[in-house]
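An overview of the molecular structure
Each chain, written out:
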Amino acid sequence: MNEPQQTLDIREGYKEKFGFHDDIAPVFKSRRGLDKSVVEEISAMKGEPAWMRDFRLKALEQFEKKPLPNWGGNVGEIDFQNIFYYLKPTEEQTKNWDEVPADIKRTFDRLGIPEAEQKFLSGVGAQYDSETVYHKIKQDLADKGVIFLDTGSALEQHPDLFRQYFGTIIPPSDNKFAALNSAVWSGGSFIYVPKGVKVDMPLQAYFRINAQNMGQFERTLIIVDEGAWVHYVEGCTAPIYASDSLHSAVVEIIVKKGARCRYTTIQNWSNNVFNLVTKRAAAYQDATMEWVDANLGSKLTMKYPSVYLMEPGAHAEILSIAFAGKGQHQDAGGKAVHGAPNTTSSVVSKSISKDGGRAGYRGLIKVAKGAKGCKSTVRCDALLLDEHSRSDTYPYMEIEEDQVSIGHEATVSKIGDEQLFYLMSRGIPEAEAAAMIVSGFIEPITKELPMEYAVEMNRLIQLQMEGSVG
Amino acid sequence: MTSAKPTLEIRDLHVAVEGKPILKGLSLAVNKGEIHALMGPNGSGKSTLANALMGNPKYEITGGSIHLNGVDVLELSADERGRKGLFLAFQYPTAIPGVSVANFLRMALTARRKEMGMEKPLPPKEFRALVKEKMALLRMDDSFAGRYINDGFSGGEKKRAEILQMAVLQPEIAVLDETDSGLDIDALRIVSEGVNALSGPNLGVLLITHYQRILNYIKPQFVHVLVDGRIVKSGGPELAHELEAQGYDWVREIQAA
């Protein structure tokens, strides 16, 4: 503290823990770039029905027509013709880890996935580049009618249920990246929880990009039927390459009357991944939808999980953490659209920037005319760890009804010298003291996580902070 | 004490804050087993001494030396000083929202133990028992361990929390910076009893205070009077009473004479 320490590269521990890659020989890899023939090839590889192929091709047209967003981050850097849109790593998906090819299994072992499945999960899906290599749900849940499949298998095995909901919450025309995902989607999770069934332990999906210049476009669809309950968790990592990869997912969720869904993301992509994801839920009468969205990795993230409150009594909870270090831009946030009377929403955003990183909150609260008695609170706190980092807050409000209660609070603080000195005086080294302050700052969100994930979050924060306090 | 070197030895210390000299040649030695009171009027440099001892980077050492068990403290960062057994009970402890007292104590204790050659942290069960015991000493409710450090604490709670940290970390030298300020009589008694329970042959205490009041509860063997950055008078406990009776103007007069 007496002398300024050298600022080291952020996330220096990432490479060893998550940033490794495997040399695997995929069973199929599409050529670089995107056009109609690539989309047709993906659809043919998957043996899809004609309606899905047509859906994809239409979406491709939308993608080509739509301009790139001119707000948020610098998406102009993405070279869409340099990306591989589909890579199939294995011939078959399995329910048995021993059948996963050894080098791929080793990856998931290093990431601790099979161990977590044993300990505290109801089911696990593991996606490697474009396809799911492992997928399994506990037998007692399957017996109760819970469906947890990769999305492609769900299209095959439950075509009617699938078609009833697919693309209804986020149409391809929604935005350029939703259109792209709709054209080339592969993998992701499909979950159906029948009426009244409560899945008490989380279902987890793990997304891994391994190949260079890879595009990962998983597509997730979750239907929580009346009075049911589910917690879905996703994690993601990738190797560190000098050139960029693209991750562009679409997540659609339907939460029916009295049901509850919590969707937790711990996004820890390497710093060469563009992460441009559209996530939206529709919540019906007295339903609760909760997004817990933590973004620590990627080069650029643009992600605003949304809840459309469709019927009275619906509730939305959006907890967002954005941590941007050197060379990172986290444009995170959320949206709550109050389309019915007496609906409620709460948004808590915590953003942290260091080493020149840029993190922020971009959010929208919308109340439709006639949606009387709605309540919404938004709280955004930003923590800056040094002088040259940046924090942005863009809280948009579109309130078309008078009889509502809307609260908004925002704070920006700098990590205090006094706080550091206080902790250090008790013998705690500077980097650990700073990590402690950051962990404390996001504690209102981590305390909502199951213990295992809270521990993981704090470990990742520690990793972000290692050796880089100036 | 018969050991050759004092536990804490401050020699001719000069300290400046934002370029302004505050301490102008302060010398003081504190041994384990001793309680020293350092008294002085506002602006005499009491808190500057406390901060300089602990290594607050805002305080610039412009001359002199500080040694702890013969080690040059000025070469050490604040965390190294803490691990080596120097402790400061802050006058205005800082809030760390989201970090629980228990978590903080666990990390600090682990760091301190490591320095003392104990590689492993105290097992959770023993740690909990230790904290519980020390909280009982300070008449703190068990729920206190789960609260965020100094966040929303009353003045009395903050001071008790400081003494709790001292009790758990077992320093060799504890500097109490106006621990009595802002305390009502009951809180002052509890805090003082805590300090008394902790003092003994393994702890040296430097009690920094403006008022004689706390010395009704904690009995120092040595009293020093600080005026304008220098110790102008040292003596036994009777000196505190003289000060109380005659005020600081009295020592200023001595100094002027």
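Residues numbered from 1 in each chain as written. Chains lettered and ligands numbered in written order. Predicted model: local features only at pLDDT ≥ 70, side-chain atom pairs only at ≥ 80, totals over all residues. Heavy atoms only, no water.

Attention now goes to the pattern of salt bridges. Residue and element names in this part refer to chain A. Scanning all chains against the criterion turns up 40 salt bridges over all chains. Among the ionic pairs, E131 bridges to K46, the shortest N-O distance being 2.7 Å. Placement of E131 in strand β4 (residues 131-137) and of K46 in the loop between α2 (36-45) and α3 (50-65) is noted, with a sequence separation of 85 residues between them. Its relative accessible area of 12% is what places E131 among the buried residues. (Salt bridge = Lys/Arg side-chain N within 4 Å of Asp/Glu carboxyl O. Helix = DSSP H or I, 4+ residues; strand = E, 2+ residues; numbered from the N terminus. Buried < 20%, exposed > 50% of the residue type's maximum accessible area, 1.4 Å probe, protein only.)

All names here are of chain A. Residue position: E218 is located in the loop between β8 (215-216) and β9 (219-224). Comment: no salt bridge for buried E218; closest opposite-charge side chain is K279, at 6.9 Å. Of the polar contacts made by the side chain of E218, one reaches the side chain of H247; its length is 2.8 Å. Discounting residues that sit within four places of it in the chain, E218 has contacts with Q127, N181, S186, G187, G188, F207, E234, H247, S248, A249 and V250. (Lys, Arg positive; Asp, Glu negative; His and termini not counted. Polar contact = N/O pair within 3.5 Å; in protein donor to acceptor, adjacent residues only side chain to side chain. Contact = heavy atoms within 4.5 Å.)

The next thing to look at is the sheet that holds strand β5 (residues 71-72) of chain B. Residue and element names in this part refer to chain B. Pairing within the open sheet is antiparallel, and its four strands lie in the order β2-β1-β4-β5. For this open sheet the edge positions go to β2 (20-30) and β5, each flanked by a neighbour on one side alone. With two bridges joining them, strand β4 (residues 59-68) and β5 adopt antiparallel strand pairing. Counted as the bridge partner of H67 is D72 from β5. (Pairing = 2+ DSSP bridges.)

What follows is about the confidence of the model for chain B. Note: predicted coordinates in regions of low pLDDT should not be interpreted at a detailed level. Residues and elements named next belong to chain B. This prediction gives chain B a mean pLDDT of 93; 97% of its residues lie at or above 70. Put simply, helix α8 (residues 248-256) is where chain B has its lowest mean pLDDT, 75, and strand β6 (residues 86-89) is where it has its highest, 98. Both scores are given for the predicted complex: the pTM is 0.85, the ipTM 0.96. (pLDDT = per-residue confidence, 0-100.)

Residues and elements named next belong to chain A. Here helix α11 (residues 430-441) is twelve residues long and its end C-alpha atoms lie 17 Å apart, about the 16 Å a rise of 1.5 Å per residue gives. α11 sits mainly inside the fold: ten of its twelve residues count as buried. Within the span of α11, buried status applies to E430, A433, A434, A435, M436, I437, V438, S439, G440 and F441. (Expected span 1.5 Å × (residues − 1).)

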